[in-house]
Amino acid sequence: MPEDSHRNADLPDDVRAELLLREMTLEEKCGQLSSVFPWALVQADGSAATGAEETLRHPPGHIAALYLDDPAQQARLIGRLQRQFVTRTRLGVPALVHGEAVNGLLAGGHMIFPTPTGLAATWSPELVEEMTDLIRRQMRRVGVLQALSPVLDVAFDPRWGRVHETYGEDPYLTAAFGVAFTRGLQGEDLREGVIATAKHFLGYALGAGGVNQSAYEGGARRTRDLFAYPFEAAIRLAGLRSVMNAYGDVDGVPAGVSHEVLTRLLREILGFDGFVSSDYATLEQVVTRQKAASGPGEVARLAITAGMDVELPTPYAYGDVLAEQVQLGNVNVQDVDVCVRRVLKAKFELGLFENPYPAERIDLTAAATDGKALSERLARRSVVLVENDGILPLASRTPYGALNVAVIGPHAQPANLQFPAYTYPAWREASLRMMEGEVGTMVGAERPQLAWLKELVPHVDPETFVRDRYGARGLAEEIAEFARCVRSEQGSGLTRPLGADTLERAVAAARESDVVVLALGGASMWFNGERTEGEGSDSADISLPAAQTALAEAVAATGKPIVAVLVQGRAYALPEVIKNASAIVVAAYGGPFGTKAIADVLFGATNPSGKLPYGIPRHSGQIPVYHHQHAGTGFRNPLPPDTDHHYLDMEATPLYPFGHGLSYTGFTLGDLSADAEVDTGGAAEISVTVRNDGPVDGATVVQLYVRVDAFGVTRPAQQLAGFCRVDLPQNESRRVTFTVAAAQLGHTGLARDFTVEPAAVEFFVGLNSDDRCLTGSFTLTGDARVLTSADRSFLSEAEIDLVQGGMSPGHE
C-alpha cells in the first residue's frame, strides 16, 4: 500500500482525511455531508432497494436511524448497507450509522434505563458513565457508531414537554452527567467507541412560552455562562466529537444557520473541533417554518457558511443541491472541504475503514439482559421521597405482609407508562400507530418507512410488549410482593375522567384498605395517545390534571391514609389534596424496574436516596422557579418592608427545592473548615463531616453552593459548585472535602471577557439547595485573570475519608 494512501492506517487520522478528500469529486464531497434512511438502500430482507444504484451514485456519508426488535437482524441489515458502500461505490467510504441512546440504545433487544431526569435524581454520574460504557459496546456490536445523545439542555421551564430527556434545571449537574455520559460512550479510544452528539445547541429548553422549537431569547452572558456550560464541559473534559443544533432562533437567527452560534461560539470560544449534525429537517424548517430562506439553495448557502457540517436525516439542502450551489458560484468549495474533513476524520477515528461491519453473531439472550442489575440499581436510586409524616416505610406499620393496600390511579396497573419517548417501546408504539393511520409521522420520518416496518416490526400490544420483552410489571403487582391484600383500580385516566362507575370502584377499594397508594402523574409518548409530556407535547398549565385531582379528592374523603406516588418526567404543580398526603414519592419514568423501585421504597426494602433535579413549584404561575436565579430576581429578591411573601396570594419559593430528598434515617452535617483566602490561580478546600445518626443505614448527597460577587455584573444568588453522594452505615461518619478551583468561579465580565477576578465568595453546604446548614466565606485575591475555554475548570473534586470518633454539633 502506498505510504501516501488514505488506506494506510499508520498515518494520522487528519492526514488520511486530507488524502481521501483530494480524491473526491464535488458530488462525492457533498454526499458525505448528507444522510438517507436505510430503506433507500436495502429492503426488509436485506436485498438492494429500488433506486439504490442512483442513491449510491453520489453516496451519502450517513445512515439514519435503523430500529428493529431483533439486534441480530439489525446488525445483518447494517452489514448489508455497509457492504453496498464499501463494494458498490467508487471510493468505498463506509457510512456512519446513527441512532438515539439517551437512556439506552433505542433498538429492540437491549436494556433500558431510567429517563434522564431519573438518572439525574440519582446524583450518581459514575453510574451513568457505567451505563454508557455498556451502551458503547452494544452500539459497536450492531454497527451504530454515532449516538444522537446526550441531551445537555438546561431545563427550568416545566411547560416544555421534553424536560424528562434532560438532567434538570442546573447547569453544573447537567455538566457532570454530560461529561460522564460522553466519557462512557466515546471510551478511551474512539476506535472502540461511539461518537456522542450533545444536543440541542443552544437554549432549546427555554423556548418562548415553553413551546417546543420556539425562539430562545437570552443575552450573551446567560448564553455562555449558563446554557453553554454543559456543552463546554463535555468538550473540554470528555472530548465531545459531535454537537446537534437547536431548532429555535438564537438572537433572531435560526441556530442551524447561525455563524455566531455554530462557529463563533461553539468552535472559536468553546474550542469544539468535531462535526455538527443537524437536528432532523432543520434546514427544511428554516425555509418552511422560520421563513429565513427562500428555498433549498439559499438555506444551503446559509448553513455551510455558518458551520453546519451534516444534514440529517435526508438531503434537502445538501447533497446534489449543495453541489449545484458550488457550481453556480454561490458557495465556496473550500467551505465544503472544511466540513468534509471533519466528517472523514471522525470516520477514521472510529476505525470504520478498517472495520466497517457489525458483529457477525449476537447472543440475543445475553444482549437482552446485559445491564439488568445496573438498570435496577439506577431505578432504585432515582426514587425521591419528598414528604413523609412517618407513614413510610409501610412495612413498619404492621407485621410484614399483613397490610391491606389499595393501589389507585392511572399508574396503578400499567407497566408501559414507565417507558417514555426516546425509549424503544415508545418509538415502537408510535410506529405501529403510524402504520395504522392513527397519527402522522414523526419529525423526519417518511411514508416509505411504514411499508418497510410492516415486515420488520410485527404488531404487539404495547403493554404486552414491555411485559414480555423486559419483564416489566405494574405497581400494584410489585406492591403485592409486600402486602397481604392489594386492591387496584384505575379510577381515572391521565387527563380524562372515566365515569362515575370507575370512580366509585376506586373509592370502594380505598374504603376496604388500611392505606391507599395513589399512583398518579404523567406520561410521555411520541406524538400519540393520552399524554402530558413528550416531544411536541407541551403544556400551558403544569398542574396535575384535573381528572387525577378529582380522583384524589374522592379517595381522600374516605379518611384513609394516603401515600401519593407521582410518576413524572418534569415538575407538576400539586393540588392541596396531594400536598396534604401522609407521604409523597416522586419517581421518574424508570424503565423495566421503575415500579419495583417504587414498591421497594414504599416498604423499606430500599432506603430512598434520590434528590430532585428540579424544583417543584407551588403554582403554575411561578414558573420558572429554578434555584440559581440571579441576585435580586424572582424569589431571590429581598422582600419589601412589612411583607411576608413576594406574591399577594402565595410565597414565591418552590414547594420543594432543587436537591431535596428525604431518607428513612437522619444525617447531620458539622465540623466545617475552609480556606479563608484563595488566589485567582489557586483552589479552595472546603471540608465537612456528615454523620448518619438515624436508625438504619442510608445514603445522602452533600451539596456545595457558592455565591460569587462581581464588579458591575449581577450573578446568580447561588450556584451548585459540587456534590458528593455518601453511603453511610448507621452511627458512622465521613469527612467530605471539596476542592474548587478559582477557574470554576469565572463569569463573563463587563468587558465581555470570561474572567475570574478578586471577589468575596460566600458558600453553604447542605442537603438541598435551600438548606443553609453550614455557611462560610473566602476571598479570591490576586490579579484578575481572563480565561480561555482551555483555562477553565468546570467540576470540583470531592474526596471522602473515614472519620474516627465523634463530631462537633451540627445540623440535622
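My aim in this report is to walk through the structure given alongside it, one point at a time. None of the values given here were measured: they were computed from a predicted structure.

**Some details on helix α7 (residues 171-186)**
Here comes step 1: Look at α7: 22 Å from first C-alpha to last across 16 residues, which is about the 22 Å you get at 1.5 Å a residue.
Here comes step 2: In terms of residue burial, α7 counts as a mostly covered element, since 15 of its 16 residues are buried.
Here comes step 3: Of the residues that open α7, the one with a side-chain oxygen 2.8 Å from the backbone nitrogen of Tyr172 is Asp170.
Here comes step 4: Immediately downstream of α7, the backbone of Gly187 shows phi near 70 degrees, a positive value.

**Quick word on unusual backbone geometry**
Here comes step 1: For the bond from Ser149 to Pro150, the omega torsion is 10 degrees, close enough to zero to count as cis.
Here comes step 2: Locating Pro150 in the fold gives a position in the loop between β4 (146-147) and α7.
Here comes step 3: In this structure, His200 follows Lys199 across a cis peptide bond, with omega equal to 5 degrees.
Here comes step 4: When you line up the elements, His200 lands in strand β5 (residues 195-201).
Here comes step 5: A positive phi angle, close to 70 degrees, is found at Gln213, a residue other than glycine.
Here comes step 6: Here Gln213 lies in the loop between β5 and α8 (220-227).

**Some points on the pattern of salt bridges**
Here comes step 1: Following the criterion strictly, the structure yields 41 salt bridges and no others.
Here comes step 2: One salt bridge connects Glu477 with Arg467, and the closest N-O pair in it is separated by 2.7 Å. One end of the pair, Glu477, is in helix α20 (residues 475-479); the other, Arg467, is in helix α19 (residues 462-470), with 10 residues separating them in the sequence.

**A word on helix α9 (residues 229-238)**
Here comes step 1: For α9, the buried fraction is high: 8 of the 10 residues fall into the buried class.
Here comes step 2: Listing the buried residues of α9 in full gives Tyr229, Pro230, Phe231, Glu232, Ala233, Ala234, Ile235 and Ala238.
Here comes step 3: Next to the buried residues of α9 lie α7, β5, α8 and α10 (259-269).
Here comes step 4: The positive-phi residue at the C-terminal boundary of α9 is Gly239, with phi of around 65 degrees.

**Remarks on the sheet that holds strand β27 (residues 797-802)**
Here comes step 1: One open sheet holds the 4 strands; their spatial order is β16-β18-β21-β27, and the pairing between them is antiparallel. This sheet does not close on itself; its edge strands, each paired only once, are β16 (667-674) and β27. Going across the sheet, the axis of each strand differs from the next one's by a mean of 20 degrees, ignoring polarity.
Here comes step 2: Here strand β21 (residues 733-741) runs beside β27; their pairing, made up of 6 bridges, is antiparallel. Note that in β27 the partner of Arg735 across the bridge is Asp801.

Rules behind the numbers
Residues numbered from 1 in each chain as written. Predicted model: local features only at pLDDT ≥ 70, side-chain atom pairs only at ≥ 80, totals over all residues. Heavy atoms only, no water. Helix = DSSP H or I, 4+ residues; strand = E, 2+ residues; numbered from the N terminus. Expected span 1.5 Å × (residues − 1). Buried < 20%, exposed > 50% of the residue type's maximum accessible area, 1.4 Å probe, protein only. Polar contact = N/O pair within 3.5 Å; in protein donor to acceptor, adjacent residues only side chain to side chain. Salt bridge = Lys/Arg side-chain N within 4 Å of Asp/Glu carboxyl O. Contact = heavy atoms within 4.5 Å. Pairing = 2+ DSSP bridges. Axes fitted to C-alpha atoms, helices over the stretch in contact; angles between N-to-C directions.

Keep in mind these values describe shape, not function.
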